[in-house]
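Each chain, written out:
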Amino acid sequence: LYKKAPIMIANDVAGKCTDSRVFAEVQAVAPGFLNLKIKGSFLADYLTQMEKEEKFGLEVPEKQKTIIVDYGGPNVAKPLHVGHLRSAVIGESVKRIARYIGHKVIGDIHMGDWGLQMGLVITEMKERYPDLVYFDPDYTGEYPKEAPFTISELEDIYPTASGKSKQDAVFKEAALLATKELQGGRRGYQALLSHIMNVSVTDLKRNYENLNVHFELWKGESDAQPYVPEMVQMMKDKGYAYMSEGALVVDVKEDTDTKEIPPCIILKSDGASLYSTTDLATLVMRMKENNPDRVIYLADARQSMHFIQVFRCAKKTGIVPETTELKHIGFGTMNGKDGKPFKTRDGGVMRLEYLLKEIDGEMLAKIKENQKEKENLDIDPKEAEETAKTVALAAIKYGDLSNQASKDYVFDIERFTSFEGNTGPYILYTIVRIKSILSKYQAKGGTIEGLSDAICPARNAGQKNLMLSLAKFNATIENAYEESAPHKICAYIYELANAFNGFYHDTKILAEENDKLQKSYIALLVLTKEVLETCIDMLGFSAPDRM
Ligand code: ARG
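Residues numbered from 1 in each chain as written. Predicted model: local features only at pLDDT ≥ 70, side-chain atom pairs only at ≥ 80, totals over all residues. Heavy atoms only, no water.

What follows is about the site of the ligand. Near the ligand, the surroundings consist of Asp70, Gly73, Asn75, His110, Tyr275, Asp279, Tyr297, Gln303 and Phe307. A distance of 2.9 Å is found between a nitrogen atom of the ligand and a side-chain nitrogen or oxygen belonging to aspartate 70. A distance of 2.9 Å separates an oxygen atom of the ligand from a polar atom in the side chain of glutamine 303. Protein chains shield 84% of the accessible area of the ligand, which is 350 Å² for the free molecule. Its residues placed into classes, the shell around the ligand shows three nonpolar, four polar and two charged. (Near = heavy atom within 4 Å. Polar contact = N/O pair within 3.5 Å; in protein donor to acceptor, adjacent residues only side chain to side chain. Areas by Shrake-Rupley, 256 points an atom, 1.4 Å probe, with all protein chains shown as cover. Nonpolar A, V, L, I, M, F, W, Y, C, P; charged D, E, K, R; others polar.)

As a further point, take the packing of helix α11 (residues 352-373) against helix α12 (residues 381-401). Across the interface, α11 lies against α12 with an axial gap of 8 Å and an inter-helix angle of 120°. The pairing of α11 with α12 is recorded here as oblique in orientation. Of the two elements, α11 crosses α12, and the hand of that crossing is right-handed. The residues of α12 that touch α11, namely those facing Leu356, Ile359, Asp360, Met363, Leu364 and Ile367, are Ala384, Glu385, Thr387, Ala388, Lys389, Val391, Ala392 and Ile396. Tallied by class, residues from the contact of α11 with α12 come to 10 nonpolar, one polar and three charged. (Axes fitted to C-alpha atoms, helices over the stretch in contact; angles between N-to-C directions. Helix = DSSP H or I, 4+ residues; strand = E, 2+ residues; numbered from the N terminus. Parallel < 35°, antiparallel > 145°, perpendicular 65-115°, else oblique. Left-handed = near helix turned anticlockwise from the far one by under 90°. Contact = heavy atoms within 4.5 Å.)

All right, on to the packing of α12 against helix α14 (residues 424-443) then. For the pair α12 and α14, interaxial distance at closest approach is 7 Å and the crossing angle is 130°. In terms of their interaxial angle, α12 and α14 are classed as oblique. Between α12 and α14, the residues in contact are Thr390, Val391, Ala394, Ala395 and Tyr398 and Gly424, Pro425, Ile427 and Leu428, respectively. Tallied by class, the residues present in the contact of α12 with α14 amount to seven nonpolar, two polar and no charged.

Under the definition given, this model contains 36 salt bridges. For arginine 206, the salt bridge identified is with glutamate 353, shortest N-O distance 3.0 Å. Here glutamate 353 lies in helix α11 and arginine 206 lies in helix α7 (residues 187-210), a separation of 147 residues in the sequence. Here aspartate 545 makes a salt bridge to lysine 435, at a shortest N to O gap of 3.0 Å. (Salt bridge = Lys/Arg side-chain N within 4 Å of Asp/Glu carboxyl O.)

Here it is, written out as structure tokens:
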């Protein structure tokens, strides 16, 4: 365009930047690069503004969106196992990031509470306790308030029933019938269902609480069922749904498809609804109740075809308007060190609860080890236990979130719990270190509030590196939100923690005699701590006061 050699253009640009407010130096380098050096004063001013403004100056969205995050997705009556971890951990973070940006975000657990598993539990209950009033078809009185089983019994009933149904055709038949009768409204079964729900939900709440995962809505697949008949009628009336090989289907393939997209099945040949029916009816319900601009689903990547079909069908039939964005975040598998899906030592499915306990225990041992090394440190056993839990959760969540969601990853407890390297405990250790310096500074009479104006231009490379890293906060968060990518926040805080530790290594802070300089360092520490804490909160974990 300019008919000039690149280096000449670079020279021209450099020439125009001589009085820049932002750059101290702009240098053209052969064959046509520009080296930009930011002005120390500009960077210091920028950080000063960050510290003063709410959310470090992050811009509020022009229009607040309503976003539903559909995550967790446990199936009631079955204990949570490691396969449920990723959905909960990634979903919670995606939700928190969107909320921090300033959107209205609703998390829905979307329990699997509709289908054969309920019939299985009822059938097994009937075999164990045939005399219970729930099985008497002539009973018209009120049913007991108290459930006829505990959570541990329920956890035994389901796998037993599921095992039986695979071998025993009669049992399977009975379970299918019970499912149908339950869905058809049989009173005694409905009463049992609400017991199953109550006992199971209490247990789920406790488990998710331990993961610091919280849902705004505790809805399930069953909540969508009332919307099914009208939805199916609409699809027929508008000519979208037609019979094919006995089933009611909607075509969803498009001309630009490069692989085959089979039709979306709305009703099976026996008229029963399926996973896709439920997800479509749930969208009808969500549009009516929340009118979201965006719905984000966290589910195993192997379900991607299901979501393509459901999303296309929802748009095509007008359940969801063009303006509402539907997005599936498909996550990869959590593998053991052998590269195969994570299992217990004896090859069984690992209960989430046991996994958490194991890591809590390992963390506690590490903390005690640390304590022995620093003999003067006496930590109260209760505090040690609390701290172990906090650090263990960070280890697990960071271990998961630091990987791109769509990829499989190796759940390596040893690596995840290490205090060094790209791990949750390393990030927490950095925060704890800053907290400790700040409290020593305060103990000597220093104050850490209102120091934002104290930030001075960097004195050395380590300090400048830290300051540049801090300045990347806004861009990082916006990008993590746009791409629903918590791993970008992990990469950022790892960089920031390294930058801080580099600075800490090179700089005497508490021993600094120049008061102005010391205040400037302390202000940087405060900002680093706040940025790190804000980020880990978006990832769904927190830091203890000491480790
Ligand atoms: N309960 C399902 C499962 O265990 C996950 C649900 C995902 N969410 C959804 N709306 N389909 O696979």
